[in-house]
There are 4 protein chains.
Amino acid sequence: MDRSLFFADLLNTIADRGRMMLNLVRGDEPVSADSLARLCTRLLSSQGEASGVAYAREILERWRTLDADGRLAFLHVLRDRFGTDHGRLADAVDAYRDAPDDHTALALHDAAEPARQELLRRLNLAPGGIETLVRMREDLLARLTTSPDLAIVDADFTHLLSSWFNRGFLVLRRIDWSTPANILEKIIRYEAVHAIHTWDDLRRRIEPDDRLCYAFFHPQLGDEPLIFVEVALTRAMPLTIAELLADERPPVQPRQATTAVFYSISNCQEGLRGISFGNFLIKQVVEDLRRDLPGLTDFVTLSPVPGFARWLAEQASPSAAEAQNLIANEGWHADAAQRDRAGEVLLALAAQYFLEARTTSGKVIDSVARFHLGNGARLERINLFGDLSPRALRQAHGLMVNYRYKLDDIEKNHELFAAKNDVAAAPTVRRLLPKAAVRPAAPQLLPPGRSAQP
Amino acid sequence: MDRSLFFADLLNTIADRGRMMLNLVRGDEPVSADSLARLCTRLLSSQGEASGVAYAREILERWRTLDADGRLAFLHVLRDRFGTDHGRLADAVDAYRDAPDDHTALALHDAAEPARQELLRRLNLAPGGIETLVRMREDLLARLTTSPDLAIVDADFTHLLSSWFNRGFLVLRRIDWSTPANILEKIIRYEAVHAIHTWDDLRRRIEPDDRLCYAFFHPQLGDEPLIFVEVALTRAMPLTIAELLADERPPVQPRQATTAVFYSISNCQEGLRGISFGNFLIKQVVEDLRRDLPGLTDFVTLSPVPGFARWLAEQASPSAAEAQNLIANEGWHADAAQRDRAGEVLLALAAQYFLEARTTSGKVIDSVARFHLGNGARLERINLFGDLSPRALRQAHGLMVNYRYKLDDIEKNHELFAAKNDVAAAPTVRRLLPKAAVRPAAPQLLPPGRSAQP
Amino acid sequence: MDRSLFFADLLNTIADRGRMMLNLVRGDEPVSADSLARLCTRLLSSQGEASGVAYAREILERWRTLDADGRLAFLHVLRDRFGTDHGRLADAVDAYRDAPDDHTALALHDAAEPARQELLRRLNLAPGGIETLVRMREDLLARLTTSPDLAIVDADFTHLLSSWFNRGFLVLRRIDWSTPANILEKIIRYEAVHAIHTWDDLRRRIEPDDRLCYAFFHPQLGDEPLIFVEVALTRAMPLTIAELLADERPPVQPRQATTAVFYSISNCQEGLRGISFGNFLIKQVVEDLRRDLPGLTDFVTLSPVPGFARWLAEQASPSAAEAQNLIANEGWHADAAQRDRAGEVLLALAAQYFLEARTTSGKVIDSVARFHLGNGARLERINLFGDLSPRALRQAHGLMVNYRYKLDDIEKNHELFAAKNDVAAAPTVRRLLPKAAVRPAAPQLLPPGRSAQP
Amino acid sequence: MDRSLFFADLLNTIADRGRMMLNLVRGDEPVSADSLARLCTRLLSSQGEASGVAYAREILERWRTLDADGRLAFLHVLRDRFGTDHGRLADAVDAYRDAPDDHTALALHDAAEPARQELLRRLNLAPGGIETLVRMREDLLARLTTSPDLAIVDADFTHLLSSWFNRGFLVLRRIDWSTPANILEKIIRYEAVHAIHTWDDLRRRIEPDDRLCYAFFHPQLGDEPLIFVEVALTRAMPLTIAELLADERPPVQPRQATTAVFYSISNCQEGLRGISFGNFLIKQVVEDLRRDLPGLTDFVTLSPVPGFARWLAEQASPSAAEAQNLIANEGWHADAAQRDRAGEVLLALAAQYFLEARTTSGKVIDSVARFHLGNGARLERINLFGDLSPRALRQAHGLMVNYRYKLDDIEKNHELFAAKNDVAAAPTVRRLLPKAAVRPAAPQLLPPGRSAQP
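Reading the values: rules and limits
All residue numbers refer to position in the chain's written sequence, counted from 1. The naming scheme follows written order: chains are lettered A onward, ligands numbered 1 onward. Residue-level local features of this predicted model are given only where pLDDT is at least 70; pairs of side-chain atoms are given and counted only at 80 or more, and the full residue set underlies all totals for whole chains, interfaces and linings. Only hydrogens and water are removed before side-chain values are computed, so all heavy atoms of the structure are retained for them. Boundaries of every domain are those given by an automatic assignment or by a domain database. Here, residues are in contact when the closest pair of their heavy atoms is within 4.5 Å. What gets called buried area is simply the loss in accessible area from a 1.4 Å probe that two parts show on being joined, summed for both. Definition used for salt bridges: Asp or Glu carboxyl oxygen within 4 Å of a side-chain nitrogen of Lys or Arg. For this analysis, a polar contact is any N or O atom pair within 3.5 Å, provided that within protein one partner can donate a hydrogen and the other can accept it, and provided that sequence-adjacent residues contribute only side-chain to side-chain pairs. Numbering of helices and strands runs from the N terminus; a helix is a DSSP stretch of H or I covering at least four residues, while a strand is a stretch of E covering at least two. Three classes are used, and their members are as follows: Ala, Val, Leu, Ile, Met, Phe, Trp, Tyr, Cys and Pro are nonpolar, Asp, Glu, Lys and Arg are charged, and the others, Gly among them, are polar. Confidence per residue, as judged by the predictor, is encoded in pLDDT with a range of 0 to 100. UniProt positions are given in the numbering used here, feature names are shortened, and annotations may be inferred rather than shown by experiment.

Draft legend 1. Structural view of the domain arrangement of chain A. All names here are of chain A. Domain assignment breaks chain A into domain 1 (3-164), domain 2 (168-301) and domain 3 (303-453). Inter-centroid distance (C-alpha atoms) of domain 2 to domain 3 is 25 Å. Across the contact, 21 residues belong to domain 2 and 20 residues belong to domain 3. Regarding the contact of domain 2 and domain 3, the summed buried area is about 1700 Å², with carbon and sulfur atoms giving 57% of it. Among the residues domain 2 hides against domain 3, the three largest losses belong to Met237, Leu239 and Thr301. Together they make up 33% of the total. On inspection of domain 2 and its partner domain 3, the count reaches one salt bridge. As a salt-bridge pair, Asp298 and Arg404 come within 3.2 Å of each other at their nearest N and O atoms. There are 11 residue pairs in polar contact (both at pLDDT 80 or more) connecting domain 2 and domain 3. Elements with a minimum of two residues in the side of domain 2 that touches domain 3: α12 (241-245), α13 (278-292) and β5 (298-301). In terms of residue count, α13 provides more of the side of domain 2 that touches domain 3 than any other element does, seven residues in total.

Take a look at the structure:
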């Protein structure tokens, strides 16, 4: 028997024993947020291991049967009944003020901790607990927009999940055509960038020698991938997604490839949003590839530009108006003349979008750009007509970009971006900026505030 | 290449890159607690991944070169310079008092956290970080008696190690004669109860079909066991350790064994003292054995009584005096008459020691008893002359005891012991108490304070 | 790197070295059976390891480029130029007749061995050699009908493949939804009894807890299955294939199943036809299931009857004529009255087909029956309308049968069948025989020759 | 449960069933060669799988209880009662003579096969059969000198074991300090060249980064190694074994090593003598090391010269007499003057020993030289005082030699050696020959018969 199964089994046995003892026969009371709240209280006060695991399992099993209203009610329970014990905290505050030292501070730290954190820790001990907690956070995140008051509950989830998904526990595995089918079907399901429609589709992404895929796994989530990246080995930085995904294409011998193209990165667990692994995944894969294929010299992405069209629509500048005009009819990109003129204008606008436009809080607008630039990559090239799929035309008027990961610059790029939102970009990209807008080449010299676009 | 090696390698590569960038050439300044403190400060303020890992690795490598004084100085650095930021905390206290709600409480919680915790988290990201942190805590624990002021530093180590050694991550492995030699040599080294002197000695403990050994491992500590238990399969609850460890003994067919005897439990990592796994290890092994060998009905220990002789020496009662008298000469246990008389007296005193004697804080005196009773076991039998080795004679006048793990009672026993220090004991043990001292059978009915012994 | 890959790599390196040395630059002569013959001669006379492996690889690679005519020509080369050395054999015969003892007999044995055997042994040392030899035999088998003179070549293939596929080397593996996709696609491709059309189809056969699949593999063929069996866990011996393959059906808890149904057995390697593994596969799976699921008491098949319709068409008896009449129109099985009457007649004829009809050489007619009865199974039940697919209607007028594997009877059944073609059958099957034809129940009491049917 | 265990278990179950059926209750007749002969006859005539496996197991189990006389008697049984069926063979001879073609030749081939071969094949199907057959051949080989008439039995063992230990089935595994202890203890036991005395001794050979060990295993022999080689990574070709085995020595970083030294090769299975793996082992390890450590440029041995002293003692030449004189007293190698003079003379004689001396059948005298030269290595250097252990002084007056494996020359060297006993040797070795004896450098130009020494 597989060890992890054994373990789950053991926990179940322990929990079963606990349940009998506790008369926790399911069905004896209707499942409601209220009844769960009572069980949570009992879980927090239980001493024994068996009873603890039994309560935890019971709570999670009942939670899984709740409907949407029940789940929202339960989140409110978490928010309202398992926050900080203010009486105890007030005492700790007094004690600290009386004698402010590291001991009273630590006591204060403990007293200020919401009961939720201990509750979540104990729920995590149930068999399969972590998976249900990830689902619970998925539910929570989906409600944050409409219930921003749940953010405080999410803070505790985030804190604990970050610790449990500590990258030291992540396991990198190559995904290929000899990977178990139950994992492959998840790759099909979770691919978020360029959809995989059939098993044959999948096969074209992972079986040829010049197509690779890597995923992170976590021991407690078993066969469930956390994030994966698809890589193409090529002999040049690609301009379009079509050339990478073509059914028929000349294969590249891995030993003769010069370029590794990360053309799709998908997070698999909505409930782990914000617990970032992508950064580390790319770097690890780069190191892995460098060792196995010393001929690789370029590590680049072929990435979508999901925010460009929306941003462009909001611009009032003459060139933006011209662009909108040029691409107004649906078939603009199929007409050579229109295409050439539109291309020129779009490139200049895209350069502005990446290099100058900023959100009101001073950030780069494009979420994918934020991810790669934040990892220390450089914006290497803007590709017109990189993706002519309906979605890409809608989101980016067909633009794609390449980001380049150059190991020696990653740290420097990362730090400048983190500190000052300085965008590392190739000179050729920089030169696309409209003449009047040309700025000093070294982005770190930009006057403060410059990047805040109207 | 092994994945974990790969991972370590990658971290090293990242750290190397970081080091070059940071001009962290070792040897450019003498290693001192002060220089480490400066690096720790830089680590806490670093943003980049590579620089962070580089600092962390540098700190841990330098720490390993420190001598005893340097290490003590470094612990003082941790205590004094990386505690709570009291300025920030005071502000958070004020904010909380102005508007005491869950948000300000959470902010308070954050502000009260000692900087040490984040520091330790970041050190943990260095290659091999967790192992060095375990060593660091080992150093810390060794100094706690003479430097009780370091307890506040230990609080942070304990908090984080408990989370990183969360039992969900522990892996149980059978240890036998086909186990890798590098692990076996650690079993030899760490055996703390009944020393293993040679490889042949070891072999007698793990190779025969009626001798088993199980250990817990942690993914980030690799081949380093955390704790292990040695088990003998027998057809009766054993009276003496000699019958278990005899070079020549009639083997028992596992399928015909009725009894699993846990005769040695050793913690391997001094730096993880107090992060308890033993409880869970025994229960998991019991479940494992029950499934594989359904003929097993009894799960017992054969355990030392490390505190008995010291306790007896402190007793002023007539029977204690008589006992001391009877065992005054070294060879008392070799003389039949002396032995019979001493045995009777010792048994009664041992029953008192377990059932009635308590520390000033009301706890059971014997540390091994506290462990097993705390796990929910029952004191089953007291064995005179269970171990006649010099150490056992010195510590326990040769006594050993059996604790019994009965799965259906574990939880109840545990809760009564945890709540009231009620000792579950077999009636035969209870009857050993001197007549005058006989108490109501149900220990939970003892009047409060009763257990506090003179 | 995987060890088997490593090994293949090494062989390639050795072969590459040999090729350079031998000026074996492919393309320097047109590939023909003749040029292959020359290489084979050189291979047989080569001494060095590298040159041997180089020749072997070259021969196999060139063989793979041959067209059908070339391959036939090569088989003729094997037949004509690599047979026995009759000059040498004549000498050995003379020596034996001069002094007939075990030494001269052994020399005779060696001299009589066709050169082909050593040639095939040496070809087997090329990287991937065994796989190509299996393909070569597939080609050979396909020509045996039209070129029966190649049978002598096949004798050598059979002899060596039997030794290389010695069942001691076979590895049994469970096939399920966590099996690598590259193996699963072969299961889809090789399923010969009840076709698997899509991945979802496959999934219904291997993912549910009450659907199992096992395959034999051979270390030198890697991921290529040799044979596999599909098993359904049920609570009764099934009557129809439809109930087993239904998209929607009530699942059975494995622990509550009483019956394991082997409903599909497929050989995967045409080139290994006649090298029997099926016998052993079923017995091994039975043992495996018995251990894991002690609740299983019945091990049966649900099997096609591929020869029934053809046999029936050849019968001139009145009941055969009646049957043909009753089932003449295509929809006969959809009409209740027709169906009842036809069923009765068909059952009696089927009983005759199994129990009495024999080939001219005295064998049971049905190939599937020969397989299971030869393994020691018993004919348990004949199921009308067991499979109403076009193929099953065409081959067996919809009949299916159950064979039962009862471990205690297997050996006895097998020996009686092997020795006397005695068919073990349940009394209920035996009672289906037309009254006039009723024979003593115990098949072993049949008078000799009785079983040879007209 | 481990698959190989499962398999053994299954075979046992099948055999148990067979045994019950066959009334094979052990102890019902005294075990004797005769009773075994009867069982062998029954095994050859059995049809069923279970009965076959049952007989085979019974025979092997009874064989293991035989004493030396019984085993000899059994070998005689194999020789006398399970040879060729001469009646059947005579018929086949007649048939062949009547119509000598490939079909009658094949029939002759079959008829000439001793019954022993089929017997051994069937014995091999018992659980653990192959291991017992290897032991049986070990017994046989030990008797060949005194019973040369058993050679014909050995011919069948050799034929079948060569096929079962086909190198395609061999698995290469690195042996290091993380290898299971049960395998390591076999390495200790089987080391035949430089004895390993303790576990610490072993550890010095396999744990340091510059000390490697590789072994071949066979799937059906489980943890039993077939042959292993110990390797030292150095920066120069070593002169003495002492420098390799020193307790304290400066370690070499593997990446900085230039030379891999094969300093000990041990066959583990006496019963597989003559079934050669060593050749292939060395080449595979060379390839493995070249890939992992591209800095390695030299692959050499440090080898004993087991036949030198005996050969020298038989020489009557003046220089041989002088040598014998110079090394007559035991401490000759400790006296500088004696040592210098003796060294000069010994080197010249050693060069003669390797390059010119031959056995009466024209072979190189030294068995180790035959092995390495036969593999295609070159005699690179003769080292005086290479090994001053008593054994090495006795066998070789302290000489050791280096053979060099140069991949590009292996095949050429091998073929010249195989064809003409031409010894590939470095010019420096060749120059050691006494002046009068200097021969043309290219060994292949030696006049025929030249190498047959007096």
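Draft legend 2. Representation of the interface of chain A and chain B within the structure. Contact with chain A, which involves 71 residues of that partner, is made by 71 residues of chain B. Summed over both partners, the interface of chain A with chain B buries about 5900 Å², with 56% contributed by carbon and sulfur atoms. Our enumeration of links across chain A and chain B arrives at two salt bridges. A salt bridge links B:Asp94 to A:Arg97, with the nearest nitrogen and oxygen atoms 3.8 Å apart. Here chain A and chain B share seven residue pairs in polar contact (both at pLDDT 80 or more) between them. Among the elements that take part in the side of chain A that touches chain B, helix α1 (residues 3-22) of chain A stands out by supplying 10 residues, more than any other. Tallied by class, the residues present in the side of chain A that touches chain B amount to 29 nonpolar, 20 polar and 22 charged.

Draft legend 3. Representation of the confidence of the model for chain A within the structure. Residue and element names in this part refer to chain A. With 89% of its residues at a pLDDT of 70 or more, chain A shows a mean pLDDT of 87. pLDDT under 50 marks residues 1-11. Its contacts with residues more than four places away, or in other chains, come to 25 contacts. Across the interfaces of the predicted complex, the ipTM metric reaches 0.79, alongside a pTM of 0.81.

Draft legend 4. Quick look at the UniProt feature "domain: Malonyl-CoA decarboxylase N-terminal" (unreviewed entry) in chain A. The UniProt record annotates "domain: Malonyl-CoA decarboxylase N-terminal" (unreviewed entry) at residues 82-165 of chain A. Secondary structure across residues 82-165 of chain A divides into 75% helix and 0% strand, with the first and last C-alpha atoms of the span separated by 23 Å.

Draft legend 5. Molecular detail of the interface of chain C and chain A. Residue-level contacts link 10 residues of chain C with 10 residues of chain A. For the pairing of chain C and chain A, the buried interface totals around 850 Å² over both sides, and the portion due to carbon and sulfur atoms is 59%. Counting across the chain C and chain A interface gives two salt bridges. C:Glu185 is the partner of A:Arg203 in a salt bridge, and the nearest nitrogen-oxygen pair spans 2.3 Å. Run the count over chain C and chain A and you get eight residue pairs in polar contact (both at pLDDT 80 or more). Listed by contribution, the elements that provide at least two residues to the side of chain C that touches chain A are α10 (181-190) and α11 (199-206) of chain C. Top contributing element to the side of chain C that touches chain A by residue count: α10(C), with four residues.

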